[in-house]
Amino acid sequence: MNTAQLQPYLLTLVVFIPVVSAAFLAFLPRSETGQLRAWTLLAMVADLVLAAVAYAVFQPKGPEFQLEVRRAWIPDLGITYHLGVDGLSISLVLLTGFLGPVVVLSSWKFIHERVKEFHIALLLIQAAMMGTLVSLDLVLFYVFFEAMLVPMYVLIGVWGSERRREAAMKFFLYTFFGSLLMLVAILAVYFVGQPPGTRSFDYGTIYNSLLDANRQLSLCAKGVECAGLSPLAVTLKAWGPLMFLAFAIAFAIKVPMFPVHTWLPEAHVEAPVAGSIILAGVMLKMGTYGFWRFAIPLFPVAAYQFRSLFVALSVVGIVYGALMCLAQQDVKKLIAYSSISHLGICMLGIFAFTAEAASGSAYQMLNHGVTAGALFCLFGFLYERRHTRRISDYGGVAKVMPFFAASFLVVTFSSIAVPGTNGFVGEFLVLLGTFKAGALWLGYPVLASTTVILGASYMLWMVQRVFFGPIDRPENAGLKDLDLREGLTACVFMGIVLFMGLVPQPLLDRIARATLGTPESAKVRDADLRVTVPPVEGTPLVVPRAPVTAMAVPRLSP
């Protein structure tokens with residue numbers, strides 16, 4: 001079977017290869033830990049290969065949504081098995097596929113109890129995250145979105161640290177509450193947005209059914225015409241803000257944004273290394289992805305109305321997360337709070353509603369997945385040797401682990417956005433786009449820019465105390481440097497950090513169409529707004545204002 005014949009099945013295989021592998025794992029003997037680990041690694045590598053093939057065949061200049069598959073699931077309710085990807089979701093699929101083998105390798109020697117159940121949980125989480133990213137039916141999206149909770153709850157609660165049960169329960173309650181709000185919003189838009197007999201949970205159908213009403217509300221918001229609103233526009237004007245908030249709260253908890261962030265530091269600290277990599281690398285991106293895919297495109301006028309609130313909360317999260325890092329004595333908790341700060345940058349880029357900030361936000365999502373995943377993975381190698389998270393328990397580690405120290409320092413440079421690393425590209429574009437948003441927003445990018453100084457302060461302070469200075473504790477004197485498995489993992493992370501920092505354009509081209517439609521649809525104040533993708537091969541590519549294919553979702557014109 002060649003690539004063309006495989007394309008209709010690619011996304012289904014990406015989602016369900018981990019499920020089938022988990023089922024096979026259930027029949028292997030518990031005592032065969034080597035086979036359990038090897039089979040899980042093989043399944044994750046296969047998933048990565050399929051994700052890479054899907055990424056390679058995706059055409060940046062092709063239809064907005066590609067590799068689509070659509071089958072009737074529950075036709076009486078308008079529920080379909082509808083999968084498809086745009087440039088943003090296929091990039092996140094590739095990131096998820098890459099981190100799958102890393103998660104298995106990071107726990108290769110660390111997990112000794114219930115090894116079988118642990119690897120089944122990893123595979124099920126992988127499948128749920130992949131399904132969330134490729135679903136184009138709202139019910140299907142909700143099913144996969146919820147399916148992530150149970151295996152992650154088990155991962156934290158069973159294989160975590162001392163306070164694992166409390167952390168797992170807090171994680172579950174926060175995210176489950178948000179999911180219930182999202183379910184209410186899905187049902188509301190299903191009943192409100194479509195007439196009886198034609199209702200569907202299909203994303204494209206719902207988007208197109210709201211398209212004319214959103215255009216009317218856009219004109220009304222500009223004061224052009226409010227008297228002749230259609231019944232749907234009147235309903236959307238009254239209830240649209242509440243439906244937007246229901247989606248937004250669910251996704252804000254998952255990001256997490258300030259002030260619904262309190263579950264994250266505990267979950268990171270108590271989770272095993274594999275759980276921390278999954279959380280930081282991919283699962284938190286489900287929140288920002290939800291804003292891109294659902295909250296803003298379905299309710300662009302409401303998104304604009306709440307713009308000030310979300311920009312303010314994003315900036316507060318950026319500064320608060322960085323300041324909290326300065327007060328930490330626990331390495332994992334410091335990295336966790338840095339995630340709150342960096343994802344605040346992503347949210348600021350989304351709600352700045354400019355082309356540069358949108359591209360930077362999406363790129364920063366990918367950057368954070370690589371960088372935070374690398375930080376947790378590398379520290380996990382050190383934790384396996386010392387079994388302590390306290391910064392004060394280290395010192396002088398670079399003297400006995402020079403290659404490990406060099407690897408960690410490169411990833412640290414990425415975290416603090418040093419030019420030449422991937423972190424610089426995303427943060428620079430977001431701040432540039434936020435400055436460009438207008439004089440009213442001038443204070444926000446100035447405050448957000450403090451993360452550059454604060455980030456360098458807390459990360460370099462941590463690196464100095466852990467890796468340099470005298471070896472005060474005899475336990476650190478006998479530490480061994482990275483072995484072959486760990487060294488290869490570190491080299492791959494460093495290579496990606498440098499590649500994304502030095503050659504960002506191919507990745508930016510891939511996500512351009514998916515991200516630049518959002519500022520166009522949400523900027524309802526400017527009737528003459530035109531958004532163009534940065535030049536690709538010398539020719540500007542205008543964001544489409546009409547369906548490209550029958551299943552493609554058109555972007556809303558202001």
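Up top you'll find the structure we're talking about.
What counts and what doesn't
Residues numbered from 1 in each chain as written. Predicted model: local features only at pLDDT ≥ 70, side-chain atom pairs only at ≥ 80, totals over all residues. Heavy atoms only, no water. Helix = DSSP H or I, 4+ residues; strand = E, 2+ residues; numbered from the N terminus. Rg over C-alpha atoms; globule rule 2.2 N^0.38 Å. Buried < 20%, exposed > 50% of the residue type's maximum accessible area, 1.4 Å probe, protein only. Core = buried A, V, L, I, M, F, W, Y, C linked by side-chain atoms within 4.5 Å. Contact = heavy atoms within 4.5 Å. 1 Å grid on protein atoms, 1.4 Å probe; cavity = no way out; pocket = protein on both sides within 12 Å on 5 of 7 lines; lining within 4 Å. Points joined across faces, edges and corners; volume = space filled by probe spheres on them. Nonpolar A, V, L, I, M, F, W, Y, C, P; charged D, E, K, R; others polar. Axes fitted to C-alpha atoms, helices over the stretch in contact; angles between N-to-C directions. Parallel < 35°, antiparallel > 145°, perpendicular 65-115°, else oblique. Left-handed = near helix turned anticlockwise from the far one by under 90°. Patch = residues over 30% accessible without salt bridge, like charges linked within 9 Å, V, L, I, M, F, W, Y side chains within 5 Å. Areas by Shrake-Rupley, 256 points an atom, 1.4 Å probe, with all protein chains shown as cover. Salt bridge = Lys/Arg side-chain N within 4 Å of Asp/Glu carboxyl O. Expected span 1.5 Å × (residues − 1). Bend = angle between axes of the 7 residues up to and from the residue. Disulfide = S-S within 2.5 Å. Pairing = 2+ DSSP bridges.

Observations concerning the overall build of the protein
Helices and strands together make up the secondary structure of the protein, namely 24 helices and four strands. Against the globule reference of 24 Å for 558 residues, the protein gives a C-alpha radius of gyration of 23 Å, in line with a compact fold. With the C-alpha coordinates of the protein rotated into their principal frame, the extents come out at 80 × 55 × 50 Å. The burial tally for the protein puts 60% of its 558 residues in the buried class.

Quick notes on the nonpolar core
For soluble globular proteins, the rule of thumb is that nonpolar side chains tend to be buried together. Counting residues in each nonpolar core, the largest one holds 187 residues, and the members touching the most others are F247, F291 and F351. Ranked by residues supplied to this core, first place goes to helix α17 (residues 355–386) with 16 residues. Beyond its immediate sequence surroundings of up to four residues, F247 is in contact with L138, M182, A185, I186, F294, A295 and F299.

Topic: the layout of surface pockets
Estimates place the volume of the largest pocket at around 440 Å³. Contributing to the lining of the largest pocket are 25 residues, with F110, I111, W159, Y383 and H387 lying nearest its centre. Elements supplying a minimum of two residues to the lining of the largest pocket: α7 (149–159), α11 (263–270), α17 and α23 (484–502). Examining the composition of the lining of the largest pocket, we find that three residues originate from one element, α17, more than from any other.

Here's the deal with empty space enclosed by the protein
Going through the model one piece at a time under the given rule, you end up with six cavities of 30 Å³ or more. When residues of the lining of the largest cavity are traced back to their parent elements, those giving at least two are α16 (331–352), α17, α19 (402–415) and α20 (422–436). It is α17 that contributes the most residues to the lining of the largest cavity, six residues altogether. Looking at the lining of the largest cavity residue by residue, the classes come out as three nonpolar, 10 polar and one charged. The space that makes up the second largest cavity amounts to roughly 60 Å³. Among the elements that line the lining of the second largest cavity, the one with the most residues is helix α24 (residues 505–522), at three residues. The residue inventory of the lining of the second largest cavity, partitioned by class, reads four nonpolar, four polar and four charged.

Concerning unusual backbone geometry
Geometrically, the link from V255 to P256 is a cis peptide bond, its omega value of -10 degrees lying close to zero. Assignment of secondary structure puts P256 in the loop between α10 (231–254) and α11. Following F258, the chain continues to P259 via a peptide bond in cis, the omega torsion being 10 degrees. Mapped onto the fold, P259 is located in the loop between α10 and α11. The phi angle at L67 is positive, at roughly 55 degrees, despite the residue not being glycine. Topologically, L67 is positioned in strand β1 (residues 66–74). Given the relative accessible area of 12%, L67 is considered buried. One non-glycine residue, F353, lies in positive phi territory at about 60 degrees. With respect to the helices, strands and loops of the structure, F353 is situated in the loop between α16 and α17. Overall, F353 belongs to the buried group, its relative accessible area being 1%.

Here's the deal with the packing of helix α8 (residues 164–192) against α11
Packing of α8 against α11 brings their axes to within 9 Å, and their N-to-C directions diverge by 140 degrees. Judged by the angle between their axes, α8 and α11 are oblique. The element α8 and its partner α11 pack so that their crossing is left-handed. Residue-level contacts link R164, A167, K170, F171 and Y174 of α8 to W263, E266, A267 and E270 of α11.

Let's talk about a nonpolar patch on the surface
On the surface, V150, Y153, V154, V158, M169 and L173 cluster together to form a nonpolar patch covering roughly 460 Å² of accessible area. Put simply, the parts of the chain that give the nonpolar patch at least two residues each are α7 and α8. In terms of residue count, the dominant contributor to the nonpolar patch is α7 (four residues). You can see L173 is positioned in helix α8.

Some remarks on helix α13 (residues 285–298)
Here α13 contains 14 residues, and its C-alpha end-to-end distance of 19 Å stays within 8% of the 20 Å for a straight helix at 1.5 Å per residue. Residue F291 marks the point of greatest curvature in α13, where the axis turns by about 40 degrees. Counting buried positions along α13 yields 14 of 14 residues, so the element is predominantly enclosed.

Here we look at the environment of A303
Structurally, A303 can be placed in helix α14 (residues 300–305). Using a relative accessible area of 0% as the deciding quantity, one classes A303 as buried. A C-alpha to C-alpha distance of 7.1 Å links A303 and F244, two positions 59 residues apart in sequence. A303 has contacts with F244, I296, F351 and F353, leaving out every residue within four places of it along the chain.

Some remarks on the packing of helix α12 (residues 273–283) against α13
At a closest axis distance of 6 Å, the pairing of α12 and α13 adopts a crossing angle of 15 degrees. Taken as axis vectors, α12 and α13 run roughly parallel relative to one another. Here α12 contributes A280, G281, V282 and M283 to the contact with α13, which in turn contributes K285, M286 and G287. Residues of the contact of α12 with α13, tallied by class, amount to four nonpolar, two polar and one charged.

Thoughts on the state of the cysteines
Disulfide: a covalent bond formed between the sulfur atoms of two cysteine residues. This model, assessed by the stated rule, comprises zero disulfides. C325 takes part in no disulfide bond, and the closest cysteine sulfur, belonging to C346, lies 15 Å away. The cysteine C491 is free of any disulfide, with C377 supplying the nearest cysteine sulfur at 12 Å. The exposure class assigned to C491 is partly exposed, which follows from its relative accessible area of 37%.

Some remarks on the side chain of Q66
Secondary-structure assignment places Q66 in strand β1. By relative accessible area, Q66 is classed as buried at 10%.

Section: the pairing of β1
One ladder, built from six bridges, connects β1 with strand β2 (residues 79–85); its direction is antiparallel. Opposite I74, over in β2, you have I79 as the bridge partner. The hairpin turn running from β1 into β2, its antiparallel successor, is four residues long, and G78 in that turn takes a positive phi close to 75 degrees.

Interpretation note: all reported values are geometric properties and have no functional meaning in isolation.
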